[in-house]
Amino acid sequence: VFRKRFGDRVAVLHSKLGLNVRYDQWMRVRKKEADVVIGTRSAIFAPFDQPGLIIVDEEHDTSYKQEKKLRYNARDLAVVRAKMAKAVLILGSATPSIQSYYNVMSHKFKYLPLLSRVGGGVLPKVSLVDMRGRKNKDGEILSPELKEAIGANLQRGEQTLLFLNRRGFAGFILCTSCGYVFRCLNCHISLTYHLKEATLCCHYCGFTLRSPALCRNCQGKDVLYLGLGTERVEEEVKRLYPLARVARMDRDVMIGRRSYVKILKGLRDGTIDILIGTQMITKGHHFPNVTLVGVILADLSLNIPDFRASERTFQLLAQVAGRAGRGERPGEVMIQTYNPHHYSVLSAMNHDFFRFYKDEITKRRELSYPPFSHLINFKIRGNSLQSVVQYSYKLGDLCRSLQQKCEESRNGLQVLGPVAAPLSKIKGKYRWQLLIKGRQVRILHGFCKRVLEEARGIRIPGVQLIVDVDPMNML
Ligand SMILES: [Zn+2]
Ligand SMILES: [Zn+2]
Ligand SMILES: [Zn+2]
């Protein structure tokens, strides 16, 4: 599209390009042979002298944050770069991040509404399936309502997406009678369930509870551990619809780009009737024949141990809803949930970002989470659990004693943890974390600098300390 319009004055920069090609493209920009750069994250460093316009599409997407080596958030850098160059910056999204919309409300950004739906078409009809209090002896994942809709869709020869909004594997406990979820009283994030120890614990502050037998809200006995995978959904779908052509798309199956392309092609050609998948299926594709989207359980992303869980859920639900019926036929979306009154679910159902923002920003203010505070996450990694734990506690002691030494940090900062990360071991490396929360950036950063200087004195070999400023991923 861009080449048609601007000819060869366009350069492309992204990390999948070979080193030589990337160098070429980079040099073309330097030599002023290109006026337009299209690229991913790192394109924000494109060597323009005077950028006039920077556009960040899908600005809410957390993948703008680079999590390896040099940690940066390309969206935030775009804000800085535009300011320095006095350029115009456009952040685009159908589901803006709370951070960016807060900047609109505080008059740092200007809001430009898009008045019609891209590609036309009507918004799909969204309905909720209340899963509470159902007697479900066989532990079936699909409700009768959703089953019926899938069956009808199959008969019409139309396609169905089943979406599992799971991130990581942090399990939690939920009361299937009333929908109550155990949360940390200090941090308000969902407590993570540990099967082996039979405990629930908060992965921000370390608060731990023996795994309860009764619901705290309704005293019912139906408190259940919820950990669902796409495999289980696939099994059930295949059992229920033996004649349907079923495919699955998640990180376990999608090893190469080829399998990914194959599934997308299958959807387009109509050789797949039902596709089951995670986040991957929400990203930007357009399937005119998909007329039904089923969200297996909204609660899965509502309860990831992260203060942004509600924001992510709203974005995910709004985005999957956008997958349905962009063609000529109107789409239908069914969301199964134990929390039908949660504002994330309700506002996604009504396609109402503003209502969501109002509720969410109130929560953030109450609990003093960003944008009303700033976070720095010290991540501690190592191959030996003992060393990692030892280091973490020493770092925790150091933080607390430094905090006591000065009045600003005593009043303006909160030290949470240390505690194991929700995903406590990845690729053989143990992971712990220590979270510092502060209302003012200046105090927070000053404090963390002092901590880092003193932390050099902690001599435990084989442990790596990573400083994550404004963390996007708390797993
Ligand atoms: Zn835990
Ligand atoms: Zn907590
Ligand atoms: Zn209950």
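Here the structure is a predicted model, which means the values were calculated and not measured.

K.L.:
It is not clear to me how the overall build of the chain should be interpreted in this structure. Could you clarify?
P.N.:
Along the chain, the regular secondary structure elements total 14 helices and 21 strands. In terms of overall dimensions, the chain is globule-like: its C-alpha atoms have a radius of gyration of 24 Å, near the 23 Å expected for 475 residues. When its C-alpha atoms are laid out on the principal axes, the chain stretches across 70 × 65 × 40 Å. The proportion of buried residues among the 475 residues of the chain is 49%. At a minimum sequence separation of 6, the contacts of the chain that also span at least 24 residues come to 70%. Carbon and sulfur atoms make up 54% of the accessible area of the chain, which amounts to about 24,900 Å² in all. The distance from the centre of the 75 positive side-chain charges to the centre of the 43 negative ones in the chain is 5 Å.

K.L.:
It is not clear to me how the domain arrangement of the chain should be interpreted in this structure. Could you clarify?
P.N.:
When the parts of a complex come together, some accessible area is lost, and that lost area is often taken as the interface size. According to the domain assignment, the chain consists of domain 1 (2-105), domain 2 (125-169 + 227-364) and domain 3 (374-469). Averaged C-alpha coordinates put domain 1 and domain 2 at centres separated by 31 Å. Each partner contributes to the interface: domain 1 provides 11 residues, whereas domain 2 provides 14 residues. Between domain 1 and domain 2, a total of about 1,100 Å² is buried, with carbon and sulfur atoms accounting for 66% of that surface. When the area that domain 1 buries against domain 2 is broken down by residue, the three leading residues are Thr-95, Ile-98 and Tyr-101, summing to 56%. For the pair domain 1 and domain 2, the number of links is 4 residue pairs in polar contact (both at pLDDT 80 or more). For the side of domain 1 that touches domain 2, a count of residues per class yields 5 nonpolar, 4 polar and 2 charged.

K.L.:
Could you clarify how one ought to interpret empty space enclosed by the protein in this entry?
P.N.:
Empty space among the atoms becomes apparent when a probe as large as a water molecule is rolled across them. Within the structure shown, the criterion is met by 1 cavity of 30 Å³ or more. Roughly 30 Å³ of internal volume is contained in the largest cavity. Along its surface, the largest cavity is lined by Asn-377, Lys-379, Arg-381, Ala-421, Arg-431, Gln-433, Asn-473, Met-474 and Leu-475. Counting residues per element, the lining of the largest cavity draws most heavily on strand 18 (residues 374-382), which supplies 3 residues. For the lining of the largest cavity, a count of residues per class yields 3 nonpolar, 3 polar and 3 charged.

K.L.:
Where do I start with the environment of Gly-157 in this structure?
P.N.:
Relative to the helices and strands, Gly-157 resides in the loop between helix 5 (144-155) and strand 8 (159-163). On the basis of relative accessibility, which here comes to 47%, the residue Gly-157 falls in the partly exposed class. Separated by 58 residues in the primary sequence, Gly-157 and Cys-215 place their C-alpha atoms 43 Å from one another.

K.L.:
Even after reading the chapter, I still don't get the coordination of the zinc ion (ligand 2), so can you show me in this structure?
P.N.:
Perfect tetrahedral coordination of a metal by four donors corresponds to 109.5 degrees between them, and perfect octahedral coordination by six donors corresponds to 90 or 180 degrees. Bound to the zinc ion (ligand 2) on the protein side are Cys-184 (SG), Cys-187 (SG), Cys-202 (SG) and Cys-205 (SG), at distances that span 2.2 to 2.3 Å. Because the angles between the 4 donor atoms bound to the zinc ion (ligand 2) fall within 106 to 114°, the donor set is best described as tetrahedral. Counting the intervening residues between successive donors of the zinc ion (ligand 2) yields the motif C-x2-C-x14-C-x2-C. Of this pair, Cys-184 sits in the loop between strand 9 (172-175) and strand 10 (192-194) while Cys-202 sits in the loop between strand 11 (199-201) and strand 12 (208-210), and the two are 18 residues apart along the sequence. Overall, the relative accessible area of 2% leaves Cys-184 in the buried class.

K.L.:
Looking at this model, I keep getting lost on the pairing of strand 3 (residues 53-56). Mind explaining?
P.N.:
If a strand is regular, its side chains alternate between the two faces of the sheet. In strand 3, alternate side chains face the same way, and those of Ile-54 and Val-56 are buried while those of Leu-53 and Ile-55 on the opposite face are not. Examined bridge by bridge, strand 3 and strand 6 (residues 88-91) share 4 bridges and lie parallel to one another. What sits directly across from Ile-54, in strand 6, is Leu-89.

K.L.:
For this particular structure, what's the right way to read the pairing of strand 20 (residues 429-438)?
P.N.:
Strand 20 sits mainly inside the fold: 8 of its 10 residues count as buried. Bridge count for strand 18 against strand 20 is 9 bridges, and the pairing is antiparallel. Among the inter-strand pairings, Leu-375 is bridged to a residue of strand 20, identified as Lys-437. Of the strand pairs in this sheet, strand 19 (residues 413-426) and strand 20 are connected by 8 bridges, and their pairing is antiparallel. Following the sheet pairing, Val-415 is matched in strand 20 by Ile-436. Linking two consecutive strands that pair antiparallel, namely strand 19 and strand 20, is a turn of 2 residues; a positive phi of about 50° is found at Lys-427 within it.

K.L.:
I tried to follow the packing of helix 12 (residues 385-405) against helix 14 (residues 441-455) on my own but got confused; where do I start?
P.N.:
How two helices sit against one another is set out by the angle between their axes and by the gap between those axes. Between helix 12 and helix 14, the least distance of the axes is 10 Å, while the angle of their chain directions is 130°. Considering their axes alone, helix 12 and helix 14 lie oblique with respect to each other. Our pair here, helix 12 against helix 14, has a crossing hand that is right-handed. Contact residues: helix 12 offers Tyr-391, Leu-395, Leu-398, Cys-399, Leu-402 and Gln-403, while helix 14 offers Phe-447, Arg-450, Val-451, Glu-454 and Ala-455. A class-by-class count of the residues in the contact of helix 12 with helix 14 yields 8 nonpolar, 1 polar and 2 charged.

Rules behind the numbers
Residues numbered from 1 in each chain as written. Chains lettered and ligands numbered in written order. Predicted model: local features only at pLDDT ≥ 70, side-chain atom pairs only at ≥ 80, totals over all residues. Heavy atoms only, no water. Helix = DSSP H or I, 4+ residues; strand = E, 2+ residues; numbered from the N terminus. Rg over C-alpha atoms; globule rule 2.2 N^0.38 Å. Buried < 20%, exposed > 50% of the residue type's maximum accessible area, 1.4 Å probe, protein only. Contact = heavy atoms within 4.5 Å. Areas by Shrake-Rupley, 256 points an atom, 1.4 Å probe, with all protein chains shown as cover. Lys, Arg positive; Asp, Glu negative; His and termini not counted. Charge placed at Lys NZ, Arg CZ, Asp CG, Glu CD. Domains from an automatic or database assignment. Buried area = accessible area lost by both parts, 1.4 Å probe. Polar contact = N/O pair within 3.5 Å; in protein donor to acceptor, adjacent residues only side chain to side chain. Nonpolar A, V, L, I, M, F, W, Y, C, P; charged D, E, K, R; others polar. 1 Å grid on protein atoms, 1.4 Å probe; cavity = no way out; pocket = protein on both sides within 12 Å on 5 of 7 lines; lining within 4 Å. Points joined across faces, edges and corners; volume = space filled by probe spheres on them. Donors = N, O, S within 2.8 Å, 3.2 Å for Na, K, Ca; no water. Tetrahedral: all angles 85-135°; square planar, octahedral: opposite > 155°, others 65-115°. Pairing = 2+ DSSP bridges. Axes fitted to C-alpha atoms, helices over the stretch in contact; angles between N-to-C directions. Parallel < 35°, antiparallel > 145°, perpendicular 65-115°, else oblique. Left-handed = near helix turned anticlockwise from the far one by under 90°.

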